[in-house]
Amino acid sequence: MNTPEQYRRCLVLAGGGFRFAYYLGVHAAAEDCGRKPDVLLASCGGAIAAAVIAALPDAEARHAWMAGPDMYAFLRAIRSTPRAAPLRTLGAAGWRWLRRTPAARIADLRRDYLFELPDVLPLPLPLPQPADDAPALAIVGARVLYEPRRTGERRGPQPPFGEVVFGQARVAALLDGTPAPAADPRWSAGAVDPVLRVETDVAPADAARISIADMFYFRSHDVAGRQYSGGVIDLFPIELARRLARDVIMERKMPFNPWLALPALRAVFGIDGAARLDHVHAQDADAWFDTRDARHVLRAHGIGKRIDWRRNRVELTVPPTQAAYAAQVRAQWDYGYLKGMAAFGGTQ
């Protein structure tokens, strides 16, 4: 099989949690500065933004969709599970922090999670005739390679997870033979298979739903009898971006939370997230947009968590009204646009 020509420019949308609307602002800045990407490589919340960008024709329509009633209703419908009892949640997090052995046991991704997502992720329907310059999608997820009966067992020599990219045939051809970055022994303890999987038969809505299914937060997602977990397995796939495109736009991310995120990555995927992030930040890219202050700047403009002691639940703090949610999205979009303009040399 002949390898197709690389894409011109890849924008990596590396997570974002519930602040994923800022990626729409970054993309709009890239367009305004003549740096429009023709492939989007996305993980976790970034996968939602990527799917919206690919489906709609312009920045205004994308912003309107993200701030609209369908996405708001989806977020309002997320519910805490019985496992989100505060003391249980804190105890489980503390145990993961204390236990230093990477991926010692097979995780229960079907039952051990805090929040129940609605079945369908609301995304705009693709245009009947996509624009010629619509970007291609490459969405990162984790393929579950173990049988359900092995849940809770000690990890054996066979890796329980595989890194997977969902994309079209051209994406698959460009990534053919690429090692899985999440399996690199510089940060991986052998729980991820070294062979990167690329799947072309998963619809973008399912791929995005898979990518947001972070362990311990949301249930794993099944498609065609296959089980998947989230794109957090590889939030910063700069190696894949280089295979896909000649120019690469990356994000400088804030460090992982050392009490929650780092132990969770280590416990499930056997990955040292801090070592992986340090390695990526030391690499060259054609442009970097810096969001290391996002948690501080957008503290009042994102969905957080709170404890409802009366209900004995950890809950998400979704804005109480559509207008308040739209204002949150606007603040995130503006933040991303400013960060993009700074990265691409535009006027702030």
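Conventions used here
- Residues numbered from 1 in each chain as written.
- Predicted model: local features only at pLDDT ≥ 70, side-chain atom pairs only at ≥ 80, totals over all residues.
- Heavy atoms only, no water.
- Phe/Tyr/Trp six-rings, centres within 6.5 Å; stacked < 30°, edge-to-face > 60°.
- Helix = DSSP H or I, 4+ residues; strand = E, 2+ residues; numbered from the N terminus.
- Buried < 20%, exposed > 50% of the residue type's maximum accessible area, 1.4 Å probe, protein only.
- Expected span 1.5 Å × (residues − 1).
- Contact = heavy atoms within 4.5 Å.
- 1 Å grid on protein atoms, 1.4 Å probe; cavity = no way out; pocket = protein on both sides within 12 Å on 5 of 7 lines; lining within 4 Å.
- Points joined across faces, edges and corners; volume = space filled by probe spheres on them.
- Nonpolar A, V, L, I, M, F, W, Y, C, P; charged D, E, K, R; others polar.
- Pairing = 2+ DSSP bridges.
- Salt bridge = Lys/Arg side-chain N within 4 Å of Asp/Glu carboxyl O.
- Core = buried A, V, L, I, M, F, W, Y, C linked by side-chain atoms within 4.5 Å.
- Axes fitted to C-alpha atoms, helices over the stretch in contact; angles between N-to-C directions.
- Parallel < 35°, antiparallel > 145°, perpendicular 65-115°, else oblique.
- Left-handed = near helix turned anticlockwise from the far one by under 90°.
- Patch = residues over 30% accessible without salt bridge, like charges linked within 9 Å, V, L, I, M, F, W, Y side chains within 5 Å.
- Areas by Shrake-Rupley, 256 points an atom, 1.4 Å probe, with all protein chains shown as cover.

Draft legend 1. Quick look at the packing of aromatic side chains. According to the stated counting rule, one finds 13 aromatic pairs in the structure shown. Between F115 and Y217, the aromatic rings sit 6.2 Å apart at their centres with planes inclined by 25°, giving stacked as the arrangement. Here Y217 lies in strand β8 (residues 216–218) and F115 lies in strand β4 (residues 113–116), a separation of 102 residues in the sequence. Here F115 falls in the buried class, since its relative accessible area comes to 1%.

Draft legend 2. Up close: helix α12 (residues 322–344). Along its 23 residues, α12 runs 33 Å from first to last C-alpha, staying within 8% of the 33 Å computed at 1.5 Å per residue. Structurally, α12 contributes buried residues whose contacts are with α1 (22–32), α3 (59–66), α4 (69–76), β11 (245–252), β12 (287–290) and α11 (294–297). Positive backbone phi, at 80°, marks G345, one or two positions downstream of α12.

Draft legend 3. Local environment of empty space enclosed by the protein. Inspection of the entire model under this criterion finds 2 cavities of 30 Å³ or more. Approximately 80 Å³ is the volume found for the largest cavity. In this structure, the largest cavity is lined by A182, W187, V232, I233, D234, L235, F236, F256, L265, I271, G273 and R276. Class assignment for the residues of the lining of the largest cavity results in 9 nonpolar, 1 polar and 2 charged. One number sums up the size of the second largest cavity: a volume of about 60 Å³. Lining of the second largest cavity is provided by F18, F20, A21, L75, I303, Y325, Q328, V329 and Q332. Top element by residues in the lining of the second largest cavity is α12. It accounts for 4 residues. In the lining of the second largest cavity, the residues fall into 7 nonpolar, 2 polar and no charged.

Draft legend 4. Inspection of the sheet that holds β4 at higher detail. Taken in spatial order, the 3 strands make up an open sheet running β3-β4-β8, and their pairing is mixed. Single-partner strands in this sheet number two, and they are β3 (79–80) and β8. Sheet topology note: the β3/β4 ladder contains 2 bridges and is antiparallel. Within β4, the residue paired with R79 across the bridge is E116.

Draft legend 5. Looking closely at unusual backbone geometry. Phi is positive for A103, which is not a glycine, with a value near 45°. Along the chain, A103 falls in the loop between α5 (86–98) and β4. Take A103: its relative accessible area is 2%, and that puts it in the buried class. Here N312, not a glycine, exhibits a phi torsion of approximately 60°, which is positive.

Draft legend 6. Inspection of the environment of L235 at higher detail. Counting through the fold element by element, L235 comes out in the loop between β10 (226–229) and α8 (238–244). In contact with L235, other than residues within four places in its own chain, are V12, A14, G15, S43, C44 and F256.

Draft legend 7. Main features of the pattern of salt bridges. All told, the structure shown has 22 salt bridges when counted by the stated rule. Salt-bridge contacts for K36 lead to E31; the nearest nitrogen and oxygen are separated by 3.9 Å. For K36, a relative accessible area of 27% puts it in the partly exposed group. Judged by relative accessible area, E31 falls into the partly exposed class, the value being 24%. Its salt-bridge partner being D234, residue R276 comes within 3.0 Å of it at the nearest N-O pair.

Draft legend 8. Spatial organisation of the environment of R242. Secondary-structure assignment places R242 in helix α8. Ignoring sequence-local partners within four residues, the contact set of R242 consists of Q6, V248, Q283 and D284.

Draft legend 9. Spotlight on the nonpolar core. Membership of the largest hydrophobic core comes to 112 residues, with the highest contact counts inside it found for L13, L41, M66, M215 and F269. Setting aside its immediate chain neighbours within four residues, M215 contacts L109, S229, V232, A264, L265, V268 and F269.

Draft legend 10. Broad picture of the packing of helix α2 (residues 45–55) against α3. The contact between α2 and α3 brings their axes to 9 Å, and the two run at 135°. Here α2 is positioned oblique relative to α3, judged by the angle of their axes. Seen along the crossing, α2 lies across α3 with a hand that is right-handed. Contacts between α2 and α3 pair I48, A49, V52 and I53 from the former with R62, W65 and M66 from the latter.

Draft legend 11. Representation of a nonpolar patch on the surface in the model. On the surface, a nonpolar cluster with roughly 590 Å² of combined accessible area is contributed by W95, W97, L98, W259 and L260. Within the secondary structure layout, W97 lies in helix α5. For W97, a relative accessible area of 30% corresponds to the partly exposed category.

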